[in-house]
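Next come the chains, spelled out residue by residue.
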Amino acid sequence: MENLAELRVTEMSYPTKVVYGPGALARLADQVRRLKMAKPLVVSDPGVTRAGLVDRAREVLAQAGIAHHLFDRVQLDPTEEDAFEGLRAFRDAGCDGVVAIGGGSPLDAAKLIQLLVTHSPPLSRYDDAAGGDRFVRDDLPPLIAIPTTAGTGSEVSRSGVATLKDTGRKTVIFSPYLMPKAAIVDPELTLGLPPSTTAATGMDAFTHCLEAYLAAASHPLADALAIDGISRVGRSLPTAVRDGAQLPARSDMMIAAMEGAMAFQKGLGACHALAHALTPISRIHHGLANAIALPTVMEFNLPACTPRLARVAVAMGEDAAARAELLARKAIERVRVLNAEIGVPSRLRQAGVQEADLPRIATRAFEDASHRTNPRQCSEEDLLGMLRTAY
Ligand SMILES: [Zn+2]
């Protein structure tokens, strides 16, 4: 047994019903009925509506004679206000469940709307970094999640992220009760995603898998999902970026995104702590922040997890016969090559990050709970050092 922590008691749960496959959207009405929703609130954002995807979901509901109300005003990187506005819509229209369709933003906002239906504000009370999960009860209205990107995996995860009004911080709210009751995972919904969004969201999925696989905790089920996700992204993300109409590559990415989010119930790492600070301060896409910072974080972690990084390299196509030290280095090189192939800049400065902001970003990153499961303990100075290297 490699991991002595496996001798401890651990909880592992994957309770979301997943309806997966090209055309799965047609099964939405079945899931609404199964969950006994009489009038769901359909939560989305203006971009998903413009892409015609909200209408496709509403059409399925209308054909089944299911009444619903639309709230499609969630902003990119949702704020607490989005959740309150959605809550008002939920109450005014007399809804009894939520159907969320979109990327991470609408899905996360939907989880917080669902939370506020039965839990009193402010949202900061439920902040995971402050142990807020203990206040979340199992009495939320049901949620069905329909992802239109392959990245956050929010459709099967137990976390919702929003920027809070009183702190201006991206805050993670984390509870098994936030997990959607059903996910409709239809890769056809991602066929029209532009290459830059495919690349950034795809690297978010990859970072979830990688950080979960390396996280300092025991969760053999998560490890198995994470390593499969790593190999799917490695073989299919370049194709999905280059030729978005390739359904097999889109399907691989959709599965990898789910696997990443299922795996990170084990924990994340320093890369996500940095990304959670970079996005609100430097206005950089969450997935892009992860993609640029990841090779530097892997370098930092190398001494603490060489055997695991070696297995990452093998999952990405390296020959398993080589020495572990050599393979671990190859894993880092593979990630750099993958970034270059999909058009991700190699430096934070090329993504508009200001050098003067780096100390503030490091302070915020250190306050973020994600780095607590990083395989190598890191101080605020370590995080600042990684930011300077990646800059
Ligand atoms: Zn992420």
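Rules and cut-offs
Residues numbered from 1 in each chain as written. Predicted model: local features only at pLDDT ≥ 70, side-chain atom pairs only at ≥ 80, totals over all residues. Heavy atoms only, no water. Helix = DSSP H or I, 4+ residues; strand = E, 2+ residues; numbered from the N terminus. Rg over C-alpha atoms; globule rule 2.2 N^0.38 Å. Buried < 20%, exposed > 50% of the residue type's maximum accessible area, 1.4 Å probe, protein only. Contact = heavy atoms within 4.5 Å. Salt bridge = Lys/Arg side-chain N within 4 Å of Asp/Glu carboxyl O. Donors = N, O, S within 2.8 Å, 3.2 Å for Na, K, Ca; no water. Phe/Tyr/Trp six-rings, centres within 6.5 Å; stacked < 30°, edge-to-face > 60°. Lys NZ or Arg CZ within 6 Å of the ring centre and 35° of its normal. Axes fitted to C-alpha atoms, helices over the stretch in contact; angles between N-to-C directions. Parallel < 35°, antiparallel > 145°, perpendicular 65-115°, else oblique. Left-handed = near helix turned anticlockwise from the far one by under 90°. Pairing = 2+ DSSP bridges. Expected span 1.5 Å × (residues − 1). 1 Å grid on protein atoms, 1.4 Å probe; cavity = no way out; pocket = protein on both sides within 12 Å on 5 of 7 lines; lining within 4 Å. Points joined across faces, edges and corners; volume = space filled by probe spheres on them. Nonpolar A, V, L, I, M, F, W, Y, C, P; charged D, E, K, R; others polar.

Help me understand the overall build of the protein, please; the structure alone is not making it clear to me.
What the protein contains, in helices and strands, is 14 helices and 8 strands. Rg of the C-alpha trace for the protein: 20 Å, near the compact-globule value of 21 Å for 391 residues, within the 12% margin. If one aligns the C-alpha atoms of the protein with their principal axes, the spans along those axes are about 60 × 45 × 45 Å. In the protein, which comprises 391 residues, the proportion classed as buried is 59%. The contacts in the protein between residues at least 6 apart in sequence include a share of 78% that link residues at least 24 apart.

Looking at this model, I keep getting lost on the pattern of salt bridges. Mind explaining?
For side chains bearing opposite charge, pairing can occur when the charged atoms are close. Scanning the entire structure with this criterion turns up 17 salt bridges. Two residues, Glu367 and Arg169, come together in a salt bridge whose shortest N-O distance is 2.2 Å. On the criterion of sequence distance, the pair formed by Glu367 in helix α13 (residues 358-367) and Arg169 in the loop between β6 (159-163) and β7 (170-174) is long-range, its members being 198 residues apart. Classification of Glu367 as partly exposed rests on a relative accessible area of 41%. The exposure class assigned to Arg169 is partly exposed, which follows from its relative accessible area of 31%. A salt bridge links Glu299 to Arg336, with the nearest nitrogen and oxygen atoms 3.5 Å apart. In this pair, Glu299 is assigned in helix α10 (residues 286-301) and Arg336 in helix α12 (residues 324-341), connecting sequence segments 37 residues apart. For Arg336, a relative accessible area of 35% corresponds to the partly exposed category. Each member of the salt-bridge network shares a partner with another, and the members are Asp228, Arg232, Arg235, Asp252 and Glu259.

Just to check I follow, could you spell out the coordination of the zinc ion for this structure?
In a perfect tetrahedron of four donors around a metal, the angles come out at 109.5 degrees. In a perfect octahedron of six, they are 90 or 180 degrees. The zinc ion binds to the protein through Asp204 (OD), His208 (NE2), His272 (NE2) and His286 (NE2); the donor distances cover 2.1 to 2.2 Å. Counting along the primary sequence, the residues that act as donors to the zinc ion give the motif D-x3-H-x63-H-x13-H. Of this pair, His272 sits in helix α9 (residues 270-282) while His286 is found in helix α10, placing the two residues 14 residues apart along the sequence. Looking at His272, the relative accessible area reads 1%, which means it is buried.

Explanation requested: the side chain of Asp223 in the structure shown.
Examined against the element boundaries, Asp223 turns out to sit in helix α7 (residues 220-242). The class of Asp223 is buried, set by a relative accessible area of 9%. Discounting chain neighbours no more than four positions away, the residues touching Asp223 are Ala212, Tyr213, Lys266 and Arg308.

How do you make sense of the packing of aromatic side chains when you look at a structure like this?
Centre-to-centre distance and the angle between the planes together describe a pair of aromatic rings. Overall, the coordinates contain 0 aromatic pairs when judged by the stated rule. Note that Arg308 overlies the ring of Tyr213, its terminal NZ or CZ placed 4.6 Å from the centroid. A cation over a ring is seen here: Arg376 above Phe300, with NZ or CZ 4.0 Å from the ring centre.

Sorry, what's going on with unusual backbone geometry here?
Looking along the chain, the bond that leaves Pro121 and enters Pro122 is cis, with omega of 0°. Checked against the element boundaries, Pro122 lands in the loop between α5 (104-118) and β5 (143-147). In the Ramachandran plot, Arg283 falls in the positive-phi region, its phi being about 55° despite a non-glycine side chain. Structurally, Arg283 is set in the loop between α9 and α10.

Help me out: how do you make sense of the packing of α13 against helix α14 (residues 380-390) in this one?
When two helices pack together, you describe them by how their axes are tilted relative to each other and by the distance separating the axes. Packing of α13 against α14 brings their axes to within 9 Å, and their N-to-C directions diverge by 130°. Classified by the angle their axes make, α13 and α14 are oblique. Relative to α14, the crossing made by α13 is right-handed. Each of Leu358, Pro359, Ile361, Ala362, Thr363, Ala365 and Phe366 in α13 lies in contact with α14, whose residues at this interface are Glu380, Leu383, Leu384, Leu387 and Arg388.

Could you clarify how one ought to interpret the sheet that holds strand β1 (residues 17-20) in this entry?
What holds strands together in a sheet is hydrogen bonding between their backbones, with the strands either parallel or antiparallel. Spatially, the 6 strands line up as an open sheet ordered β1-β8-β5-β4-β2-β3, and their pairing is parallel. Each edge of the open sheet carries a strand with a single partner, namely β1 and β3 (69-71). This sheet shows a mean twist of 20° between the axes of neighbouring strands, independent of strand direction.

Teacher, can you tell me more about the environment of Phe84 here?
Within the secondary structure, Phe84 is located in helix α4 (residues 80-92). For the pair Phe84 and Pro121, spaced 37 residues apart in the sequence, the C-alpha separation amounts to 9.3 Å. The residues touching Phe84, leaving out its near neighbours within four places in the chain, are Leu116 and Pro121.

What am I meant to see in α9 here?
Residues lying three or four places apart along an α-helix face the same way, a consequence of the helix completing one turn every 3.6 residues. In a regular helix each residue adds 1.5 Å, so 13 residues correspond to 18 Å; α9 covers 17 Å between its end C-alpha atoms and thus fits that length. Of all the 13 residues making up α9, 13 are buried; the element is thus mostly covered by neighbouring parts of the structure. In the stretch just after α9, Arg283 is the one whose phi turns positive, near 55°.

Would you mind showing me how to read empty space enclosed by the protein here?
Any space left empty among the atoms is revealed by the rolling of a water-sized probe across them. What the rule picks out here adds up to 4 cavities of 30 Å³ or more. Along the walls of the largest cavity sit Thr149, Ala150, Thr190, Leu193, Thr198, Thr201, Gly202, Arg250 and Met253, which together make up its complete lining. Mapped by element, the contributors of at least two residues to the lining of the largest cavity are α6 (195-214) and α8 (247-263). Among the elements that line the lining of the largest cavity, the one with the most residues is α6, at 3 residues. Split by residue class, the lining of the largest cavity holds 3 nonpolar, 5 polar and 1 charged.

Coordinates in, geometry out; function isn't part of it.
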